[in-house]
Every structure is written in C-alpha cells, then in structure tokens.
Amino acid sequence: MAITDKTRKMLWGRSGNRCAICRRVLVIEAPPFDVDSVVGEECHIISGRKLGPRSDSTYDWNLIDSYDNLLLLCSVHHKMIDDQ
C-alpha cells in the first residue's frame, strides 16, 4: 500500500507546513530563478517495515499508510526518532 493523494494532502494541510516537534517550516521558498526546497518528511508512527523502528506485529498492516499513522517531521527529527 502507499500513501494516497488525499491522505498526503490532509497531512500537509493540517500540519500547517511545519514539523510536528520543532514547528520548523517544511517547504522553504526559493529565491528568484530557483526552486522551492521540501525539507519535510512524511513519517510513520508505527513503522512501515516489518522490522523497522517502532514496528508492531499486531498493528493492522492495512492501516500503515493511513492518516492516523502518519506525521510530518523535519529531517533532523525524523533521523533522531528513528535512531533512538
């Protein structure tokens, strides 16, 4: 399964374009003649990998990519949480 367009829109829209932890803006506007930079990451609360960080073998696999199992983080907090 994959994150649907509707779920992705809800996630980014309801987040206010900010990291769930530090509230950093996740899309950085580019200067003229350049492109915007997306520094946000769509993250699973219960891991999307069977042996990933925060995996739970009892969690319904059909809900892995649901809105309730996702949050937006900056790349720093995503790495920190997965490492710890």
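This section reports on the structure supplied with the text.

Scoring rules and cut-offs
Residues numbered from 1 in each chain as written. Predicted model: local features only at pLDDT ≥ 70, side-chain atom pairs only at ≥ 80, totals over all residues. Heavy atoms only, no water. Buried < 20%, exposed > 50% of the residue type's maximum accessible area, 1.4 Å probe, protein only. Helix = DSSP H or I, 4+ residues; strand = E, 2+ residues; numbered from the N terminus. Pairing = 2+ DSSP bridges. Core = buried A, V, L, I, M, F, W, Y, C linked by side-chain atoms within 4.5 Å. Contact = heavy atoms within 4.5 Å. Patch = residues over 30% accessible without salt bridge, like charges linked within 9 Å, V, L, I, M, F, W, Y side chains within 5 Å. Areas by Shrake-Rupley, 256 points an atom, 1.4 Å probe, with all protein chains shown as cover. Salt bridge = Lys/Arg side-chain N within 4 Å of Asp/Glu carboxyl O. Phe/Tyr/Trp six-rings, centres within 6.5 Å; stacked < 30°, edge-to-face > 60°. Lys NZ or Arg CZ within 6 Å of the ring centre and 35° of its normal.

Re the pairing of strand β4 (residues 70-74)
Piece 1. Burial runs high along β4: 4 of the 5 residues are buried.
Piece 2. In terms of strand pairing, strand β3 (residues 40-44) meets β4 through 5 bridges, oriented antiparallel. From the neighbouring strand, Glu42 faces β4, where its bridge partner is Leu72.

Brief notes about the nonpolar core
Piece 1. Residues Ile3, Leu11, Cys19, Leu26, Cys43, Leu70, Leu72, Leu73 and Cys74 constitute the largest nonpolar core, which totals 9 residues.
Piece 2. A total of 4 residues in this core trace back to one element, the largest contributor, which is β4.
Piece 3. Beyond its immediate sequence surroundings of up to four residues, Cys74 is in contact with Cys19, Cys22, Arg24, Leu26 and Val39.

Points about unusual backbone geometry
Piece 1. Residues other than glycine seldom take positive phi values, yet Asn17 does so here, at roughly 65 degrees.
Piece 2. Note that Asn17 resides in the loop between α1 (5-15) and β1 (27-28).
Piece 3. Residue Asn17 is classed as partly exposed on the basis of its relative accessible area, which comes to 22%.
Piece 4. Despite not being glycine, Phe33 has its phi angle at roughly 70 degrees, a positive value.
Piece 5. Tracing the backbone shows Phe33 in the loop between β1 and β2 (37-38).
Piece 6. Look at Phe33 and you get exposed, because its relative accessible area is 90%.

Quick notes on a nonpolar patch on the surface
Piece 1. On the surface, Ile21, Met80 and Ile81 cluster together to form a nonpolar patch covering roughly 220 Å² of accessible area.
Piece 2. Considering the arrangement of structural elements, one finds Met80 in helix α2 (residues 75-83).

Re the environment of Val27
Piece 1. Locating Val27 in the fold gives a position in strand β1.
Piece 2. A sequence separation of 47 residues divides Val27 from Cys74, and the C-alpha atoms of the two residues are 9.9 Å apart.
Piece 3. With residues up to four places along the chain from it excluded, the contact list for Val27 reads Trp12, Asn17, Asp36, Ser37 and Val38.

As for the packing of aromatic side chains
Piece 1. Under the criterion given, the structure shown has 0 aromatic pairs.
Piece 2. A cation over a ring is seen here: Arg14 above Tyr67, with NZ or CZ 5.0 Å from the ring centre.

Thoughts on the side chain of Thr7
Piece 1. As for its placement among the helices and strands, Thr7 is situated in helix α1.
Piece 2. Accessibility expressed as a relative area gives 12% for Thr7, which makes it buried.
Piece 3. Apart from residues lying up to four places away in sequence, Thr7 is in contact with Asp65, Ser66, Tyr67 and Leu70.

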